Amino acid sequence: MSTDPLLQPYQLKHLTLKNRIMTTSHEPAYPEDGMPKDRYRLYHLERARAGVAMTMTAGSAAVSRDSPPVFNNILAYKDEVVGWMKRLTDDCHEQGCAVMIQLTHLGRRTRWDKGDWLPVVAAGADREPAHRAFPKVIEDWDIARIIEDYADAAERMQAAGLDGVEFECYGHLMDQFLSPLTNHLAHPYGGSFDNRARFVFDVLEACRKRVGPGFLLGMRYTADEVAAGGLTADEGVEMARRFKASGLVDFVNIIRGQIHTDPAMTDVIPIQGMKSAPHLDFAGRIRAEVGLPTFHAARIPDVATARHAIAAGKLDMVGMTRAHMADPHIVRKIMEGREEDIRPCVGATYCLDRIYQGGMALCIHNPATGREETMPHTITPAATRRHVVVVGAGPAGLEAARVAAERGHQVTVFEAASVPGGQIRLTAQSPRRREMIGIIDWRMAQCAARGVEFRFNTWAEAADVLACAPDVVIIATGGLPTTEILQGGNDLVVSAWDILSGDVKPGSNVLLYDDAGDHAALQAAQLLAEAGATVEVMTPDRTFAPDVMAMNLVPYMRALQDKKVTFTVTYRLTSVARDGNLLRATIGSDYIPLAKTATYDQVVVNHGTQPLAEIYFDLKPQSENLGAVDYDALIAGTPQTLTGGPKGFQLFRIGDAVEARNTHAAIYDALRLLKDI
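Given the structure is predicted, the values throughout are model-derived calculations rather than measurements.

Peer 1: Could you give an account of the overall build of the chain, naming the residues involved and the relevant values?
Peer 2: Scanning the chain from terminus to terminus reveals 22 helices and 27 strands. The C-alpha radius of gyration computed for the chain amounts to 27 Å, which stays within 12% of the reference 26 Å derived for 677 residues, consistent with globular compactness. C-alpha extents for the chain along the principal axes are approximately 75 × 65 × 45 Å. Buried positions account for 60% of the 677 residues belonging to the chain. Expressed as a percentage of contacts within the chain between residues at least 6 apart in sequence, the contacts between residues at least 24 apart total 72%. Total accessible area computed for the chain in this model is approximately 25,500 Å², and 50% of it derives from carbon and sulfur atoms. Distance from the positive charge centre (70 side chains) to the negative charge centre (83 side chains) of the chain: 2 Å.

So this is what it looks like as structure tokens:
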């Protein structure tokens, strides 16, 4: 028997959980027509096979039609959900993994123009800033109907064979009743603490009556809103005591904070550069003072932190949800003594940011997550060993090298710099984003363990590659920033990379013109502002930094808003000219004819990158496939067999060597190509 605290079983009422690691409820937005079909099932099954004790499905499955799914949620109000959830549950149960689901009514945290276009309801008329709907104040018949909907949904999940359900009481309708900040009702559901808690207990009683004592019911609730006039920590502890005394609740899952704005949500679910496990001690307080089985997850990204949470008695079950998106095999690797092989969560929160922009959750550096139908988490050996040469040791090149090496191929990597990393290394120079280097460090360790040969400080030319007698050549040279975008004065501007790398010192009055909308501009703005510059960030778009997305924007704003930084949208920089010791910028618009001017002492341009691909074009005529990619084969997951050139080697380029995209796209390029080489 292992003595590892994380590997000890836990008895939750009648249910034995085989270890102390779970994935907490989250909505990866994989449902199809509101149903958890194969993509959703295989995502959870991958974690179950690898040993996680419990998977909590759904980041809030909707119990009512007037809780429309703004995040592509599961529709728990439909009878057809039973069959789909049963298949998922049966598969996970076969792996010894318990399955639950989170049920909710979103209340005001949705929009009236989604789903069936029904009115949004809440315990008050205040609009939620994030979703902007002005809710209808809930009526008595709404309350009765929704309580019944909860009970119906719980019964459906019991019919599907799940082990239990968890109710979401943070930011959603239950919490909108409980919080004095959002509940403006009169008796019997408003006013006193007892009245505000009434709806929660009415739902619990209705569900318990429907499913009986053998089905687990839990509460994931806000135990401290950390807001003036809101629920206090002491009230959160009292709420847990009431849950326990009622006999209706089998476990609690602790949330601290609010989620009604991007900054509030980012404090509940911290991202990179923020403190790890910031609410763990508070969850531990509730466990110690109340004694209910206690779960919690909030930036617990590594095994050491998770182990501490259990060993120190803070939690009974520890949630490692984003960590399992980065590596679904965490438990298996702990059991096998391979913790050093765990792919680290770098806190980029690309996963959540995509969901909140209407996309599906994807991990920034594990492209197999959410693509379990087509992409492997474990690489299978190739039938024939080949020599793969990779040019470039950024994220795309290192993923190509890693996958090729796991296939059993001989791998040689050329890199012009003295160290690996490419654009990631530039990103990681910002203190808040230094965790990004984990994307590189993990791949370097995997390559080292498999004998990949690296040739650093080598600007590879075609002859160098051909001298290796390769069977396959992968060009992953990335791109370089371009500033050649103006009608005049391109020689007078510098790039955001110049600022970030330190090659150019910050000016004192700076125009930062950003029409790429990615992290580089805001990172440069922060560096400039912290150096004391007055900075104007200008974009021709209607919003600034659209590719940075919601949660990642929060730390930038916190770093910039108390400094001399302004944001100007819908204006286009057209030219720059000298004006004495200054630079005169001519500024136009896509909306009206315009040519206004302003002076600065430095103009910084962020316009993305252009491929650095000369070696690809040098090698292309000499390759078997003439650089062509069979897209049908790539998508189908079959080997590349195109020919047409001289017999010798296949040639492919990936990542930003093809076009400017992002880290996830670069790594995905490498995985889906190399897994079949």
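Peer 1: Which residues make up the sheet that holds strand E20 (residues 534–539), and what values go with them?
Peer 2: If you trace the five strands from one edge of the open sheet to the other, you get E18-E25-E19-E20-E21, paired in parallel fashion. The open sheet is flanked by strand E18 (494–495) and strand E21 (565–569), the only strands paired with a single partner. Bridging between E20 and E21 involves five bridges; their strand directions are parallel. Residue pairing in the sheet places threonine 539 in a bridge with valine 569 of E21. Across the face of the sheet, helix H18 (residues 519–530) comes into contact with strand E19 (509–514), E20, E21 and strand E25 (602–606) while running at roughly 175 degrees to E19.

Peer 1: Give a detailed account of the sheet that holds strand E14 (residues 410–414), specifying residues and quantitative values.
Peer 2: Reading across the sheet, the five strands line up as E15-E14-E13-E16-E27 and stay open at both edges, with parallel pairing between neighbours. In this open sheet, the two strands that pair with only one neighbour each are strand E15 (453–455) and strand E27 (650–653). Direction aside, neighbouring strands of the sheet carry axes that sit 15 degrees apart on average.

Peer 1: So what's going on with the packing of aromatic side chains? Residues and values would help.
Peer 2: Under the definition given, this model contains 13 aromatic pairs. Where phenylalanine 71 meets tyrosine 356, the ring centres are 5.2 Å apart and the plane angle is 85 degrees; that geometry is what we call edge-to-face. Pair noted here: phenylalanine 71 is in the loop between strand E4 (54–62) and helix H2 (81–94) and tyrosine 356 is in helix H12 (residues 350–356), with a separation of 285 residues, a long-range link. The buried category is assigned to phenylalanine 71, whose relative accessible area is 9%. Under the relative-accessibility criterion, tyrosine 356 is labelled partly exposed at 28%. An angle of 20 degrees between the planes, with centres 4.6 Å apart, marks the rings of phenylalanine 251 and phenylalanine 295 as stacked.

Peer 1: So what's going on with the pairing of E19? Residues and values would help.
Peer 2: Of all six residues in E19, five are buried, a share of seventy percent or more. In this structure, E19 lies alongside E25, joined through five bridges in parallel fashion. Paired with leucine 511 across the two strands is valine 603, which belongs to E25.

Peer 1: Go over H18, please, and point to the residues and values.
Peer 2: Turn by turn, an α-helix covers 3.6 residues, leaving residues three or four places apart pointing in a common direction. Between its first and last C-alpha atoms H18 spans 16 Å; for twelve residues at 1.5 Å apiece the expected length is 16 Å, and the two agree. For H18, the buried fraction is high: ten of the twelve residues fall into the buried class. For H18, the complete set of buried residues consists of His519, Ala520, Ala521, Leu522, Gln523, Ala524, Ala525, Gln526, Leu528 and Ala529.

Peer 1: Requested: an account of the environment of alanine 298, with residues and values cited.
Peer 2: Residue position: alanine 298 is located in the loop between strand E11 (294–296) and helix H9 (303–311). Given a relative accessible area of 5%, alanine 298 falls into the buried group. Measuring from C-alpha to C-alpha, the distance between alanine 298 and arginine 256 comes to 9.3 Å, with 42 residues separating the pair along the chain. Setting aside residues up to four positions removed in sequence, alanine 298 forms contacts with Val268, Pro270, Ala277, Pro278 and His279.

Peer 1: Tell me about the domain arrangement of the chain, and please be specific about residues and values.
Peer 2: Entries for the chain in the domain assignment read domain 1 (5–358), domain 2 (387–480 + 611–675) and domain 3 (483–607). Contacts between the two partners involve eleven residues from domain 1 and, on the opposite side, twelve residues from domain 2. When the two sides are added together, the surface that domain 1 and domain 2 hide from each other amounts to roughly 1,000 Å², 47% of it contributed by carbon and sulfur. The three residues of domain 1 that bury the most area against domain 2 are Gln272, Arg343 and Val346, which together make up 51% of that side's buried surface. Our enumeration of links across domain 1 and domain 2 arrives at one salt bridge.

Peer 1: Lay out helix H8 (residues 280–290) with the relevant residues and their values.
Peer 2: Listing the buried residues of H8 in full gives Leu280, Phe282, Ala283, Gly284, Ile286 and Val290. Contacts made by the buried residues of H8 are with strand E9 (216–224), helix H6 (233–246), strand E10 (251–256), E11 and H9. In the segment just after H8, glycine 291 is the residue with positive phi, at about 90 degrees.

Peer 1: I'd like a description of a nonpolar patch on the surface, backed by residues and values.
Peer 2: A grouping of Tyr591, Ile592 and Leu594 is seen on the molecular surface, where their side chains present a nonpolar patch of about 310 Å² in accessible area. Looking at the secondary structure, you find tyrosine 591 in the loop between strand E23 (582–588) and strand E24 (596–600).

Peer 1: Describe the nonpolar core, naming the residues involved and giving the relevant values.
Peer 2: Counting 110 residues, the largest nonpolar core has Ile101, Leu103, Met157, Phe167, Phe199, Tyr221 and Phe243 as the members making the most contacts within it. No other element matches the nine residues that helix H5 (residues 193–211) contributes to this core. Those residues in contact with isoleucine 101 that sit more than four places away from it in its chain are Met56, Thr57, Ala58, Ala61, Ile74, Met85, Met157, Leu162, Gly164, Val165 and Glu166.

Peer 1: I'd like a rundown of the UniProt feature "domain: FAD/NAD(P)-binding" (unreviewed entry) in the chain, residues and numbers included.
Peer 2: Within the UniProt annotation, "domain: FAD/NAD(P)-binding" (unreviewed entry) is assigned to residues 387–620. Span residues 387–620 is 30% helix and 29% strand, its end C-alpha atoms 18 Å apart.

Peer 1: Which residues make up the pattern of salt bridges, and what are the values?
Peer 2: Under the definition given, this model contains 45 salt bridges. When the shortest N-O distance is used, the salt bridge between aspartate 4 and arginine 307 registers 2.7 Å. With a gap of 303 residues between them, aspartate 4 in the segment before strand E1 (10–12) and arginine 307 in helix H9 connect regions that are remote in the sequence. Assessed through its relative accessible area of 22%, arginine 307 is described here as partly exposed.

Peer 1: Account for a negative patch on the surface, naming residues and giving values.
Peer 2: On the surface, Glu461, Asp464, Glu614 and Asp618 cluster together to form a negatively charged patch. The residue aspartate 618 is located in helix H20 (residues 614–619) in this model.

The rules behind the values
Residues numbered from 1 in each chain as written. Predicted model: local features only at pLDDT ≥ 70, side-chain atom pairs only at ≥ 80, totals over all residues. Heavy atoms only, no water. Helix = DSSP H or I, 4+ residues; strand = E, 2+ residues; numbered from the N terminus. Rg over C-alpha atoms; globule rule 2.2 N^0.38 Å. Buried < 20%, exposed > 50% of the residue type's maximum accessible area, 1.4 Å probe, protein only. Contact = heavy atoms within 4.5 Å. Areas by Shrake-Rupley, 256 points an atom, 1.4 Å probe, with all protein chains shown as cover. Lys, Arg positive; Asp, Glu negative; His and termini not counted. Charge placed at Lys NZ, Arg CZ, Asp CG, Glu CD. Pairing = 2+ DSSP bridges. Axes fitted to C-alpha atoms, helices over the stretch in contact; angles between N-to-C directions. Phe/Tyr/Trp six-rings, centres within 6.5 Å; stacked < 30°, edge-to-face > 60°. Expected span 1.5 Å × (residues − 1). Domains from an automatic or database assignment. Buried area = accessible area lost by both parts, 1.4 Å probe. Salt bridge = Lys/Arg side-chain N within 4 Å of Asp/Glu carboxyl O. Patch = residues over 30% accessible without salt bridge, like charges linked within 9 Å, V, L, I, M, F, W, Y side chains within 5 Å. Core = buried A, V, L, I, M, F, W, Y, C linked by side-chain atoms within 4.5 Å. UniProt positions renumbered as here; feature names shortened; annotations may be inferred.

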